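Observations on the model geometry
Below are the chains, spelled out letter by letter.
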Amino acid sequence: MHSTSPPSGGSGEGRVPEEPSIVVDAGGTVLLWSAGAQRVLGHEPGDIVGRPAEGLLAARLPDSARRHVDEGRRWAGAATLRHRDGRPVTVALRATPLTDAGGKTSWLVSMVPLGGPDEPDAPAAQAPYTREPATRPQDSRPQDSRPHDPRPQDSRPHDTRPRDSRLHDTRPRSAWESARREAVTRPHDPRRTPPLNPRPALGVLPDHVPDREHRSAPGTRVLWDLALEQLPMPVAIYDDDNRLVAANAAMTGLMGRPEAVMRGRTLAEIEPSWPFDTYDAMQRQVLRTGRAVFHEEHSQAPGESREHAWAMFFSPLTDDTGRVVGLSAAVFDNTEQYWARRRLAVLNDAGMRIGSTLDVPRTAEELAEVALSGLADFVTVDLLESVLVGDEPYPVRPDVPLVVRRVAHQSVLPGVPEAVISVGHRTEYPVGTLPLRTLIAGRGIRPMAGDPGLWDWILSSEARAESVAEHGAHTVMMVPVQARGVTLGLVHFLRHRTADAFTDDDLLLAEEIVARAAVCLDNARRYTGERRTALALQRSLLPQRPPGLAAMEVAYRYLPAGLGAEVGGDWFDVIPLSGARVALVVGDVVGHGIHASATMGRLRTAVRTLADVDLAPDELLTQLDDLVLRLDREEGPEGRGLAGDATGEMGATCLYAVYDPVTRRCTMARAGHPPPALVSPDGEARFLDLPAGPPLGLGGLPFESVELELEEGSLLALYTDGLVEAAGRDIDNGLVLLRQALPDPAAPLEEACDRVLHTVLDGRRADDIVLMLARTGVFDGAQVRTWQLPRDPAAVSGARKAATDQLTEWGLTEAAFATELIVSELVTNAVRYGSGPIVLRLIRDAALICEVSDGSSTAPHLRRARVFDEGGRGLLLVAQIAERWGSRQTPTGKTIWAEQPLPDTPLGERPPDDELPPTEPPPDELPSAERPSDELPPAERPSAGLPPGASDGGPVADD
């Protein structure tokens, strides 16, 4: 089809005038100046080309425009430019980036004047509110064509009332009237389905409709058009091809273009970008289905400088037959309702998300995340240092600088580039600064951009001033964190990407969010303090480092429960016993918290006391069970006068093992505790089959001991149930993981502990964890000497000589005198009061140990002899000479022992291996006095039981 429309930019009536445009380079210099731009602003090309485009501005561009230009994105909106004669000209600008082959960006800037017909230099065809209809490019009809009224001139109704001159004027009054006339006189297009009646514009109805007859009057029709034209709500009309027919003043202002520019185009052609392509699809859906569509969007319109929340109604327009002949688009600005709903959503989000844990830093992070989701672009949370450690916050004083710690910050920008203080670092609020004054006042503030106090605070830090300038922060709020009348810290809210400044409603919302978070922070602070106290108590009751042992190497790990649970009552201990033996203890008190920690400390002390008595493992657990029962009666419901309530508040499990490096025997018993694991020197791991025994606190049930012989280099693993039990995992699976994780027994124990924990543990711990690994050692003949003595007083002197000779061999002659006294007294008591067999044993460990065993179970008793008593001073003498002494029951009787430090070696230190004597010589090379008398040949065996050279006169015992 041949078009008679002249090309754009031509002259003559009915032609589309040239669109005013200019080209600006990346530095802001004008490169090209069109004739249309000269017609709008009056500047000659020679006066403006080569000069900065910023000189054309009569008012500052919106921040959104500057941001789009900086980011190289297309922008459209209203701006005020300066005419050559000095007057301001309001135009709708559209800036489109142009990139050359070198990557440099220039800008094509199109402008459309937004002034009325009375404004000079504004083309009539471009004016958005022109009274004359604009010609569509594809329409070649004369502009003055009007619909013919078939009625005679004299038969038309005559209104004798005074009329406004505007109403008396018969020219078209608005774009709405132009659209009506154009729709009536438009020639028929055979490609479209002909309507039964000419398509009416909104507000212009056929005159023959009886119930709308009153609208056919010329004055009423004009008022109707003026009402729609001047509605504050944006409204537009589209035909059945989805092309714009008419738009009122509010809509043209919203779109930033006059109606003449938009008429005849689809919405996608008017604004070919998101979200207008979506709106265009919705309009076509309305034309296709005949059903209205409602849509909400939060975006920036082309003619606006900031984002708004829009509610859009796309409604079909139908003729008398119900056929869709067009649609209307009505737009409502519901920004206030949008922000109100958003504030409610943020408040609800705060109640759901803040305080999910009892961890102070995590609670502060949740506060920042919630505030960022719907209120601010950058949030910081600063807290007093006392809050982080659980102490009671100290009062904030106006005359003292306040030191706070940055606990959390969040930003809409990746990496939080606005932050000048890292999380975990401290900062100071100087005296008189705005943050300190806010904390003293105890109320949130929303300082204006020109507030001197705000600028003083910003400029007090060069890094802060640079950050504000770089990111364009334009509004701020400061809200104190207060709970129960105590100040905990301060929260900063900033905006730099959101164009709207904070309002009073935003400040109320921020105060409400912070108030809710403050209660959670204070609860977390209190929990942190209580947890720290319980941990300090618990750690003070546990061993700080393993003791130095020659017979066993020990390593352990203690992990308190995770932050979501209170500390428990798990404990462990390594107790050196007499005879170089070692006791290993692992236990777990029922419950959590300070009460469980205190009970654990009492039980650990009791175990140490009972271990000093050298009770067998089963007997020790029996005594411990009685103690737990007594504590439960005294401090449980019965002790509080609630005898009717069930007892059992206090209970525990325990595993007790005793290892003897001389005999390699290990005796174990457990009270409801998980079984220990054993790794043999060849690497085979298994769990020992020990009788489980009842937990401590039940009473009345026996405990059983099991004795094993362990190879040298065996590895024992003792643990609490927190290691193998976890949420969602059966204890059997945990035991399998533990057995698989146990390493080669020759591996370093510290590394082995870490490996086991890394393999077995998964996720957050719900209970305390104790893991103790012990590698067994063996004392060889170079460290132990044993003699079996007859129950004869004459054996005392031989025992003294044998001990002295052995000390000489060990290089411990300095200890010979004291050792002779100890051996003499202990052997004499065994001969006089005990029963056979009598065994003397010397052990060189970290100390020199002397042991005398006999078959009697009668325990010795230390007493003080009176002045004229002939006996009663033996054990007293032993107690004064020895570092420690005591007795223990054995399966065949008892053993009395005494320890004394090695000469020039503090107690607890073992001599280097190169100072130890060589391996014990064969028995046939030993002097006869050093062999047991029952093994001597008959010729050397003394008739009276005395070794050769021993005196048979005088007393041999003074006890």
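Quick caveat, the model's predicted, so the values are computed rather than measured.

Focus on the packing of aromatic side chains
Tallied over the full model, the rule gives 5 aromatic pairs. An aromatic cluster of three or more residues is present, and its members are Phe294, Phe313 and Phe332.

Notes on the nonpolar core
Of all hydrophobic cores here, the largest spans 55 residues; its most connected members are Phe493 and Ile513. No other element matches helix H17 (residues 504-541), which puts 10 residues into this core. In contact with Phe493, not counting residues within four places along its chain, are Ala371, Leu375, Ala376, Phe378, Val379, Thr475, Val476, Met477, Val479, Phe502, Ala510 and Val514. With 52 residues, the next largest nonpolar core counts Val586, Val628, Ala652 and Ala671 among its residues.

Some remarks on the sheet that holds strand E5 (residues 105-113)
Strand order in this open sheet of 5 strands is E2-E1-E5-E4-E3, and the pairing throughout is antiparallel. Edge positions in the sheet fall to strand E2 (30-33) and strand E3 (75-82), since each has one partner strand and no second. Along the sheet, successive strands turn relative to each other by an average axial angle of 30°, direction set aside. Sheet analysis places strand E1 (residues 21-24) next to E5, joined by 4 bridges and oriented antiparallel. Counted as the bridge partner of Val23 is Leu108 from E5.

Looking at the packing of helix H12 (residues 360-374) against H17
Axis angle and axis distance: for two packed helices, these are the angle between their axes and the distance between the axes, and together they describe the pair. Packing of H12 against H17 brings their axes to within 9 Å, and their N-to-C directions diverge by 170°. It follows that H12 is roughly antiparallel to H17 by the angle criterion. Contacts from Val360, Thr363, Ala364 and Leu367 in H12 reach Ile513, Val514, Ala517, Cys520, Leu521, Ala524, Arg525 and Thr528 in H17. Considered class by class, the residues forming the contact of H12 with H17 number 9 nonpolar, 2 polar and 1 charged.

Examining the sheet that holds strand E6 (residues 235-239)
In spatial order, the strands read E7-E6-E10-E9-E8; together these 5 strands make up an open sheet with antiparallel pairing. The outermost strands of the open sheet, each flanked by one partner alone, are strand E7 (244-247) and strand E8 (293-299). Looking at each pair of strands side by side, their axes are set apart by 20° on average, direction ignored. The pairing of E6 with E7 spans 3 bridges and is antiparallel. Its bridge partner lying in E7, Ile237 is registered against Ala246. Contacts between helix H11 (residues 335-353) and the sheet are confined to E8, strand E9 (308-318) and strand E10 (324-333), with E9 contributing the most and set at about 125° to the helix.

Topic: helix H16 (residues 462-471)
Looking only at H16, the buried set comprises Arg464, Ser467, Val468 and His471. Taken end-on, H16 shows its buried residues confined to a sector of 95°, consistent with a single buried face. Structural note: H16 exposes Glu462, Ala469 and Glu470 on the side pointing more than 90 degrees away from its buried face. Residues of H16 that are buried sit in contact with helix H15 (452-459).

Some words on helix H14 (residues 434-441)
For H14, every residue scored as buried is listed here: Leu434, Pro435, Leu436, Thr438 and Leu439. On the buried face of H14, the contacting elements are strand E12 (402-411), strand E13 (426-429), H15, strand E14 (475-483) and strand E15 (486-495). With its phi angle positive at about 75°, Gly442 sits one or two positions after the end of H14.

Observations concerning the environment of Ala815
Counting through the fold element by element, Ala815 comes out in the loop between helix H23 (795-810) and helix H24 (816-833). Taking the C-alpha atoms as reference points, Ala815 and Gln900, 85 residues apart in sequence, are found 8.6 Å from one another. Residue contacts for Ala815: discarding those within four places in its chain leaves Leu807, Leu848, Gln900 and Pro903.

Description of the packing of H15 against H16
Contact pair H15 / H16: the axes reach a minimum separation of 6 Å and the direction vectors enclose 110°. Considered as vectors, H15 and H16 are oriented roughly perpendicular to each other. Of the residues in H16, those in contact with Trp457, Ile458 and Leu459 of H15 are Arg464, Ala465 and Val468. For the contact of H15 with H16, the per-class residue count stands at 5 nonpolar, no polar and 1 charged.

Side note on the confidence of the model for the protein chain
For the protein chain, the average pLDDT comes to 77, and 77% of its residues sit at 70 or higher. Within the protein chain, the element-level pLDDT minimum falls on helix H4 (residues 165-168), averaging 37, and the maximum on strand E11 (residues 378-384), averaging 95. Confidence over residues 642-648 falls short of pLDDT 50; this stretch has 9 contacts with residues more than four positions distant or in other chains. The model gives residues 906-959 a pLDDT under 50, and that stretch makes 82 contacts with residues more than four places away or in other chains.

Some points on the environment of Thr895
Position of Thr895 among the secondary structure elements: in strand E30 (residues 893-901). Taking the C-alpha atoms as reference points, Thr895 and Pro860, 35 residues apart in sequence, are found 9.9 Å from one another. Among residues more than four places away in sequence, those in contact with Thr895 are Glu851, Val852, Ser853, Gly886, Ser887, Arg888 and Thr890. A distance of 2.7 Å separates a polar atom in the side chain of Thr895 from a polar atom in the side chain of Ser853.

Some thoughts on the pairing of strand E27 (residues 838-844)
In terms of residue burial, E27 counts as a mostly covered element, since 6 of its 7 residues are buried. As paired elements, strand E26 (residues 784-789) and E27 share 6 bridges and run antiparallel to each other. Directly across from Arg785, in E27, lies its bridge partner Leu842. Of the strand pairs in this sheet, E27 and strand E28 (residues 847-854) are connected by 6 bridges, and their pairing is antiparallel. What sits directly across from Arg841, in E28, is Glu851. Where E27 folds back onto E28 in an antiparallel hairpin, the turn is made up of 2 residues.

Criteria and cut-off values
Residues numbered from 1 in each chain as written. Predicted model: local features only at pLDDT ≥ 70, side-chain atom pairs only at ≥ 80, totals over all residues. Heavy atoms only, no water. Phe/Tyr/Trp six-rings, centres within 6.5 Å; stacked < 30°, edge-to-face > 60°. Core = buried A, V, L, I, M, F, W, Y, C linked by side-chain atoms within 4.5 Å. Buried < 20%, exposed > 50% of the residue type's maximum accessible area, 1.4 Å probe, protein only. Helix = DSSP H or I, 4+ residues; strand = E, 2+ residues; numbered from the N terminus. Contact = heavy atoms within 4.5 Å. Pairing = 2+ DSSP bridges. Axes fitted to C-alpha atoms, helices over the stretch in contact; angles between N-to-C directions. Parallel < 35°, antiparallel > 145°, perpendicular 65-115°, else oblique. Nonpolar A, V, L, I, M, F, W, Y, C, P; charged D, E, K, R; others polar. Arc of directions from axis to C-beta. pLDDT = per-residue confidence, 0-100. Polar contact = N/O pair within 3.5 Å; in protein donor to acceptor, adjacent residues only side chain to side chain.

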